[in-house]
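Okay, here's what each chain looks like letter by letter:
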Amino acid sequence: MAVYTRLGAEEMAVIISAFDVGTLVSAKGIAEGVSNSNWLIETQDAAGSARRFILTMYESRTEVAELPFFLDLLDHLAAKHCPVPRTMHDSEGASHRLHQTPEGTKALALIEFLPGVSVSEPTPAQARAVGGALAQIHLAAADFPASRTNSLALADWQQLLRDCGREGLESIHPELGHIVERELALLAARWPRDLPSGVIHADLFPDNVLMLGDTVTGLIDFYFACTDLFAYDVAVTHAAWCFSPDGTRFLPALSDALMAGYSAVRPLSPAEHAALPLLARGAAMRFLATRAYDWLNTPADALVTPKDPMAFARRLEFYADPANANIFGEISGS
Ligand SMILES: Nc1ncnc2c1ncn2[C@@H]1O[C@H](COP(=O)(O)OP(=O)(O)OP(=O)(O)O)[C@@H](O)[C@H]1O
Ligand SMILES: N[C@@H](CCO)C(=O)O
């Protein structure tokens, strides 16, 4: 369920008329997604051609002041032929608009619709393509002028997990308090600071990638994008793609393919490569932290079901096991 705000047909037509995209033909609420309200919009332009867009209304989790970073980034990457949707600007040139709703003023944006589906059982060829697309955005954003601090970095995981409390973590799993304490101490002591950095996606899970066959047609949901280590983004994507969803099975063929796809476009330096095992522990901790917090703080009658934190605790234990130190393969850059 992801339509939190009701918009009537007349109201929707007025919203769409602010953009130079033709007249509204249909607006269908999209079930996927948890943070914002999304609709698939169809219009007809002056020449009679059908056009499709995604209308996003930003709910409480997205800061309006940060929208220019996210939306300008989409335009920058799209202009460099990355598979990301462009933002449709309104007739005054703005990338987002404010709209009055019964719950207060909310921001909205109209984004290009891209074809494709999110795969649930990726193949190595698909993982390879995703690795390549990730490297492509890392390179293409090099001259993007804006930057954004990562709002979910190590200090934020520490705070979220402190808020969960040891008892809270142990109510999820008896071992979790111990695992978190051990790993947070290690990550704080060893987190690298001097690796290449730039704009990263930071949440490139399969549900944020649209594909047709083995081709990436869309990277979406850039609302965690920020300025951080490129290799950390590789580690996030690795944690998201290279395990069974519950984290019980590592999928080596996907791992090899993802790494090969990335390295073919942007070879990792030896220092980045050497840091991957630790960065992967950090990536697993990032999603463990947000999931554990949501698990303990989502009301039972909420519209969304919290995601399982243990799926990332299992990945964390996998990455922390010295027997798995070589899963990132040979150094392929210099
Ligand atoms: N540009 C696009 N082209 C086609 N479909 C899209 C596009 N953007 C979003 N979608 C569809 O809308 C769904 C929800 O989008 P998205 O994942 O951005 O939602 P969200 O609620 O903002 O994010 P999240 O669930 O990660 O918090 C996606 O799963 C996808 O099906
Ligand atoms: N992709 C995240 C949710 C958004 O940060 C997760 O699976 O926990």
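Note that the coordinates shown come from a computational prediction; the quantities given were computed from them, not determined experimentally.

Draft legend 1. Examining the nonpolar core more closely. If you look at the biggest cluster of nonpolar residues, it comprises 86 residues, and the most contacted ones within it are Val130, Ala225, Ala231, Ala235, Leu258, Ala284 and Leu288. Of the residues forming this core, the biggest block, 11 residues, is contributed by helix α8 (residues 270–297). Two domains each put at least three residues into this core: domain 1 (9–112) and domain 2 (124–324). Discounting residues that sit within four places of it in the chain, Leu258 has contacts with Ala127, Arg128, Val130, Gly131, Thr237, His238, Trp241 and Cys242.

Draft legend 2. Expanded view of the domain arrangement of the chain. We note that the domain assignment places domain 1 (9–112) and domain 2 (124–324) within the chain. Distance from the C-alpha centre of domain 1 to the C-alpha centre of domain 2: 28 Å. Of the residues lining the interface, 17 residues belong to domain 1; the matching set on domain 2 comes to 19 residues. In the side of domain 1 that touches domain 2, the residues fall into 10 nonpolar, three polar and four charged.

Draft legend 3. Region of the structure containing the UniProt feature "domain: Aminoglycoside phosphotransferase" (unreviewed entry) in the chain. According to UniProt, the "domain: Aminoglycoside phosphotransferase" (unreviewed entry) feature falls on residues 27–268. Along residues 27–268 one finds 37% helix and 21% strand; the C-alpha atoms at either end are 44 Å apart.

Draft legend 4. Representation of unusual backbone geometry in the model. The phi dihedral of His81 falls on the positive side, at around 65 degrees, and the residue is not glycine. Within the secondary structure layout, His81 lies in the loop between α2 (67–79) and β4 (87–88). Unlike most non-glycine residues, Asp221 shows phi in positive territory, near 60 degrees. Mapped onto the fold, Asp221 is located in the loop between β9 (215–219) and β10 (226–229). Asp221 sits in the partly exposed class, given 19 other C-beta atoms within 10 Å.

Draft legend 5. View of the pairing of strand β6 (residues 104–112). Here five bridges tie strand β3 (residues 50–57) to β6, and the two strands are oriented antiparallel to one another. Pairing of Leu55 across the sheet is with Leu110, part of β6. Here β4 pairs with β6 via two bridges, running antiparallel. Looking at β6, one finds that Met88 is bridged to Leu110. By the bridge criterion, five bridges tie strand β5 (residues 97–101) to β6 in an arrangement that is antiparallel. Opposite Arg97, over in β6, you have Leu108 as the bridge partner. The hairpin turn running from β5 into β6, its antiparallel successor, is two residues long.

How each quantity is defined
Residues numbered from 1 in each chain as written. Chains lettered and ligands numbered in written order. Predicted model: local features only at pLDDT ≥ 70, side-chain atom pairs only at ≥ 80, totals over all residues. Core = buried A, V, L, I, M, F, W, Y, C linked by C-beta atoms within 7 Å. Buried ≥ 20, exposed ≤ 12 C-beta atoms within 10 Å, placed from the backbone. Helix = DSSP H or I, 4+ residues; strand = E, 2+ residues; numbered from the N terminus. Domains from an automatic or database assignment. Contact = placed C-beta atoms within 7 Å. Nonpolar A, V, L, I, M, F, W, Y, C, P; charged D, E, K, R; others polar. UniProt positions renumbered as here; feature names shortened; annotations may be inferred. Pairing = 2+ DSSP bridges.

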